[in-house]
Amino acid sequence: MTLLSLKGIGKSYQRGSMWDSSNRVDVLKNVNLSIAPGACLGLIGRSGAGKSTLSRIVLGLERPDTGEVDYDGVSLTKMTCEQSRGYRRNCQVVFQNSLGSVNPRFTAGQVIAEPLHNFESMERKQAKQKIDDLLEKVGLHPSDADKYPHQFSGGELQRVCIARAIALNPRLIVLDEAVSSLDMVIQSKIIALLKSLQKTMGIAYLFISHDIRVLMKMADTLAVLHEGTVVETVDLKKSENRSYHPALTELVAAVLPPVPVFGN
Amino acid sequence: MKDAHLLEVDGLSLCLKTGQQERQVVDNLSFTLQANRILGLIGESGCGKSLSCLAVMRLLPKAIRQTGGTIQFDGQSIDALAFSRMRTIRGRSLAMIMQNPMSCFDAVFTVGEHFKETLASHPDKDSRSNEERIHGSLHAVGFNDPQSILGLYPFQMSGGMLQRAMVALALMMNVKLLIADEPTTDLDVIAQAKVLGLLETIRDTHGMAILLVTHDLGVIARLADDVAVMQEGQIIETGIAAEIFETSRHPYTRELINAHLELYDHRLNTIR
Amino acid sequence: MKVIKTILKRKLNWVALPLVVLFLVTATFAPLLAPTDPSAVDLEQKLSPPSHSHLLGTDHLGRDILSRLIWGARTSMGSVFLIINLVMITSLVVGSISGYIGGKVDSLFMRICEIFLTFPTFILAMFLIGVLGTGMINVVLAIALTHWAWYARIIRSLVLSMKNREYILAARVVGTSHWQIFVKHLAPPVLAQLVILATLDIGHMMLHVSGLSFLGLGVQPPMPEWGVMINDARQYIWTQPELIMYPGLMIFLAVLAFNILGDTFRDSLDPDILAEEA
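Residues numbered from 1 in each chain as written. Chains lettered and ligands numbered in written order. Predicted model: local features only at pLDDT ≥ 70, side-chain atom pairs only at ≥ 80, totals over all residues.

K.L.:
What is the right way to look at the overall build of chain A in this model?
P.N.:
Check the secondary structure of chain A and you find 8 helices and 10 strands. Relative to the 2.2 N^0.38 estimate, which gives 18 Å for 264 residues, the radius of gyration of chain A is 19 Å and therefore close to what a compact globule would have. Dimensions of chain A, computed from the C-alpha atoms along their principal axes, are close to 60 × 55 × 40 Å. Relative to its 264 residues, chain A shows a buried fraction of 44%. (Helix = DSSP H or I, 4+ residues; strand = E, 2+ residues; numbered from the N terminus. Rg over C-alpha atoms; globule rule 2.2 N^0.38 Å. Buried ≥ 20, exposed ≤ 12 C-beta atoms within 10 Å, placed from the backbone.)

Rendered as structure tokens:
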């Protein structure tokens, strides 16, 4: 059974004033996607293709104009209170800019405690233990709980954000360009961390990136978003011998070479 | 015979002053750059590569001081040059493009006005009219309809377009050295490919020297002739790009190269 | 504390800070500090020069000027304090709701703000006093009503700029309710900004209070207030100019001290300047 499915999702935005409805821009048109439990769906597209809008719709931060988002077979708009709560705790996110995704006045411990505070009633000691466990799980140290965001490096702060995302043992995490701002060495370590967490916790990922190299490493399936629609889906576990949509081949052709091609 | 160095940085040291404390951010940096070549300066965030560029441009923030070394550009020592003399060199022979192209343009002026202002700041004996020069350089960077670009405001253009416009400014002034500080980090892969291709063209057809700063080895692999690897304010290795990739034994360089090569999956080749 | 250190760094504050403290202490402990009852009329002693029992002399009704100045501080500070509280509460509520909810609610609230912003303070004050009558409370209301809208707009744009920041989105994703988001994430920086703005405005509001009282629209005799004292002393300006000078000087010093302190307060807490220093 699919964990999350998007059927016929469409979204447009108003450009200009509220009372002038003639200037609408279609950001997403008839998007269909599905994610199986424990799987990793990679979503690639150029800037402006609609990836961020799609991630906000999947996270329930925005309502689509048309179409349905089904979590565990139930549409988000038709959920009971209980089901809504279940969806909320099971669908988490890690954003691209770690510094912008945490309150600068919160310590790392407070950042990670926020989801726990909302969904679990834990005693002080229990919560502290859980936070320490989470910090260690993502490769940090329990003493980091008292540090403020500006005291962390980019990679370390992203680990804090990952700890916050896994705090409630979610079934799905949306990774919205989560490794795009990281230096190469740190990026490869975070990718390794995400892969190992997926293995041990069975979390499904919706991995959004403009870098196809990262997606090849992480994803089971690749969906290509082009001008608001999914134009191509590739099963990365099988090797298929066919021609692909030009949007995808264009993206692959633009990939930087691994080593210098012409010597000097 | 080796070309004379266009840019020679020798023993550059920079210090950051915060409150009462001083911290060395760049330590004894030395590298050279010749015309017609691209030097890639690679290192992770915070290693001091951007500051080194600003030092060459003499645009360091107030809190950073140069505490040692010399910078020679086109046979002239520029690190101690008078500010007014440096201003004539900057923009005319030396130009810089940066990571966030939007921030390099004044939002209330059109692109055309930026070009006109640059020409007005550096009067020279070029026989062509201003209009010819502007159109020529915009065309050279890939804008097929230069006139339409001139009337646009920066917010109406994409990041990739703005970056190409910045390169056009440098081309128009016929600069000898272009410093590109993470020029494609904020662009998507396709815009990145266009901008990097453009930089390659101006090296080949205009003989410009380019100092290309990046944290992505893919950019180095694509464009750089020579490489300097920076770590924590120091250059730990220099050499020809192809040789560094193949034969470097320095542990930090190898760590970077391995992390970079790890990303490449053979399945990429099947999607053509 | 870092704030106090920053305040003391600026030499001007070495004068401003003690002055502000002096005014606040005087206002709070007026009953204890004033040598005599400020309303005690003694016509035999009227317009007398400084003496042992009346350190600054007496006014045209024989009342001790020093006591009236001290109690006047209480009236001025007290009313400004009330005004600031009213303005802060109203603008926080309206601005936050407007900024956070957005849409039609935002439009409605902003149109209401614009209506209030078009009234000059004195005109609205006179209208209100015409309707409600004179008195300190009405002056406070009038000044609060003409100032809240400006603050509300600033709060609104602050909330608007913050509500789409990624850490707010992240808070929503981890299940934090809208109210909790406001209290835990939005309110602290908004309140900080509000306090800075209010501090800078204290001098301005004090001038309004004194101005309206001078015109006879605020405090009614015999309640002491600096603006009223200036009005009372108008007819004696050629014979006893010090009667105008004392309250005038008080207003001048108070406004100046609060302005200087407010400036430094803002400089030390302004996030742009803090970011530059970082």
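Picking up after the structure, the text goes on.
K.L.:
How should I be thinking about the pairing of strand 1 (residues 4–14) of chain A in this particular structure?
P.N.:
All names here are of chain A. As defined by bridge partners, strand 1 adjoins strand 2 (residues 24–35) across 8 bridges and the pair is classed as antiparallel. Bridging from a neighbouring strand, tyrosine 13 pairs with valine 25 of strand 2. Pairing geometry for strand 1 and strand 4 (residues 66–71), over 5 bridges, is antiparallel. The residue of strand 4 that forms the bridge with leucine 4 is tyrosine 71. (Pairing = 2+ DSSP bridges.)

K.L.:
I'm lost on the packing of helix 3 (residues 108–119) of chain A against helix 5 (residues 154–166) of chain A in this one. Help?
P.N.:
How two helices sit against one another is set out by the angle between their axes and by the gap between those axes. All names here are of chain A. One can describe the packing of helix 3 onto helix 5 by two numbers: an axis separation of 7 Å at closest approach and a directional angle of 25°. Here helix 3 is positioned roughly parallel relative to helix 5, judged by the angle of their axes. The handedness of the crossing between helix 3 and helix 5 comes out as right-handed. Residues Ala108, Val111, Ile112, Glu114 and Pro115 of helix 3 touch helix 5, and the partners they reach there are Val160, Ala163 and Arg164. Its residues placed into classes, the contact of helix 3 with helix 5 shows 6 nonpolar, no polar and 2 charged. (Axes fitted to C-alpha atoms, helices over the stretch in contact; angles between N-to-C directions. Parallel < 35°, antiparallel > 145°, perpendicular 65-115°, else oblique. Left-handed = near helix turned anticlockwise from the far one by under 90°. Contact = placed C-beta atoms within 7 Å. Nonpolar A, V, L, I, M, F, W, Y, C, P; charged D, E, K, R; others polar.)

K.L.:
Quick question: what am I supposed to make of the arrangement of the chains here?
P.N.:
The assembly contains 2 pairs of chains in contact; the pair sharing the most contacts is chains A and B. When C-alpha atoms are compared, chain B and chain C, though not in contact, are closest at a spacing of 8 Å.

K.L.:
Sorry, what's going on with the environment of B:Ile210 here?
P.N.:
Residue and element names in this part refer to chain B. Relative to the helices and strands, isoleucine 210 is located in strand 8 (residues 209–214). Overall, the presence of 25 C-beta atoms within 10 Å leaves isoleucine 210 in the buried class. Sequence separation between isoleucine 210 and alanine 95 is 115 residues; the distance between their C-alpha atoms is 9.7 Å. Discounting residues that sit within four places of it in the chain, isoleucine 210 has contacts with Ile38, Leu178, Ala180, Leu199 and Arg203.

K.L.:
Help me out: how do you make sense of unusual backbone geometry in this one?
P.N.:
Glycine aside, the phi torsion of most residues is negative, and most peptide linkages are trans. Residue and element names in this part refer to chain A. Here the phi dihedral of asparagine 30 falls at roughly 50°; this positive angle occurs in a residue that is not glycine. Topologically, asparagine 30 is positioned in strand 2. For asparagine 30, a count of 14 C-beta atoms within 10 Å puts it in the partly exposed group. Despite not being glycine, glutamate 177 has its phi angle at roughly 55°, a positive value. Residue position: glutamate 177 is located in the loop between strand 7 (172–176) and helix 6 (184–201). With 19 C-beta atoms packed within 10 Å, glutamate 177 lands in the partly exposed category.

K.L.:
Whenever I open this one, helix 5 of chain A confuses me. Can you help?
P.N.:
Each α-helix winds once per 3.6 residues, and so residues spaced three or four apart point in a common direction. Residues and elements named next belong to chain A. Between its first and last C-alpha, helix 5 extends 19 Å over 13 residues, near the 18 Å set by a 1.5 Å rise per residue. With respect to burial, helix 5 is a largely interior element, 11 of its 13 residues being buried. Residues of helix 5 that are buried: Gly155, Leu157, Gln158, Arg159, Val160, Cys161, Ile162, Ala163, Arg164, Ala165 and Ile166. Elements in contact with the buried residues of helix 5: strand 6 (91–94), helix 3, helix 4 (124–137), strand 7 and helix 6. (Expected span 1.5 Å × (residues − 1).)

K.L.:
Sorry, what's going on with the interface of chain C and chain A here?
P.N.:
By a frequent convention, interface size equals the accessible area lost on bringing the separate parts together. Across the contact, 13 residues belong to chain C and 18 residues belong to chain A. For the side of chain C that touches chain A, the secondary structure elements donating two or more residues are helix 8 (166–173) and helix 9 (178–214) of chain C. Looking at the side of chain C that touches chain A element by element, the count peaks at 7 residues for helix 8 of chain C.

K.L.:
Please clarify how the sheet that holds strand 2 of chain A should be interpreted in this entry.
P.N.:
In sheet architecture, strand pairing relies on hydrogen bonds along the backbone and comes in two forms, parallel and antiparallel. Pairing is antiparallel in the open sheet, where 4 strands are placed in the order 2-1-4-5 (chain A). Strands with a single pairing partner mark the edges of an open sheet, and in this sheet they are strand 2 and strand 5 (74–75) of chain A.

K.L.:
I'm lost on the interface of chain B and chain A in this one. Help?
P.N.:
Contacts between chain B and chain A engage 33 residues on the former and 30 residues on the latter. Those elements that place two or more of their residues in the side of chain B that touches chain A are helix 7 (189–206), helix 8 (217–223), helix 9 (241–247) and helix 10 (251–262) of chain B. Its residues placed into classes, the side of chain B that touches chain A shows 17 nonpolar, 6 polar and 10 charged.

K.L.:
Where do I start with the nonpolar core in this structure?
P.N.:
In this structure, A:Leu206, A:Phe207, B:Leu177, B:Leu178, B:Leu211 and B:Leu212 are the most contacted members of the largest nonpolar core, which totals 168 residues. Ranked by the residues each element gives to this core, the list is headed by helix 6 (residues 159–172) of chain B, at 10 residues. With residues near it in sequence (within four places) discarded, A:Leu206 still touches A:Ile35, A:Leu41, A:Leu43, A:Val58, A:Leu172, A:Val174 and A:Leu175. In this structure, C:Ile65, C:Leu69, C:Cys113 and C:Leu243 belong to the second largest nonpolar core, which totals 57 residues. (Core = buried A, V, L, I, M, F, W, Y, C linked by C-beta atoms within 7 Å.)

K.L.:
I would appreciate a short explanation of the confidence of the model for chain B in the present structure.
P.N.:
The predicted structure's coordinates, where accompanied by low pLDDT, should not be read in detail. Residues and elements named next belong to chain B. Summarising the model, chain B shows a mean pLDDT of 89, and 99% of its residues fall at 70 or more. Mean pLDDT across the elements of chain B ranges from a minimum in helix 2 (residues 83–89), with 87, to a maximum in strand 3 (residues 38–42), with 95. Our summary of model confidence lists the complex with pTM equal to 0.85 and ipTM equal to 0.90. (pLDDT = per-residue confidence, 0-100.)

K.L.:
Is there a simple way to think about helix 9 of chain C in this case?
P.N.:
Residue and element names in this part refer to chain C. For helix 9, with 37 residues, the first-to-last C-alpha span of 47 Å runs short of the 54 Å given by 1.5 Å per residue. Largest kink in helix 9: about 55°, centred on alanine 187, with the proline proline 188 one to four residues after it. Two residues or fewer past helix 9, glycine 216 is found with a positive phi of approximately 85°. (Bend = angle between axes of the 7 residues up to and from the residue.)

K.L.:
Sorry if this is basic, but what is going on with the packing of helix 2 (residues 13–28) of chain C against helix 4 (residues 65–101) of chain C here?
P.N.:
All names here are of chain C. Closest axis-to-axis distance for the helix 2/helix 4 pair is 8 Å, and the angle between their directions is 100°. When the axes of helix 2 and helix 4 are compared, the pair comes out roughly perpendicular. Within the contact between the two elements, helix 2 uses Phe23, Leu24, Thr26 and Ala27 and helix 4 uses Ile70, Ala73, Arg74, Met77 and Gly78. Taken together, the residues that form the contact of helix 2 with helix 4 break down as 6 nonpolar, 2 polar and 1 charged.

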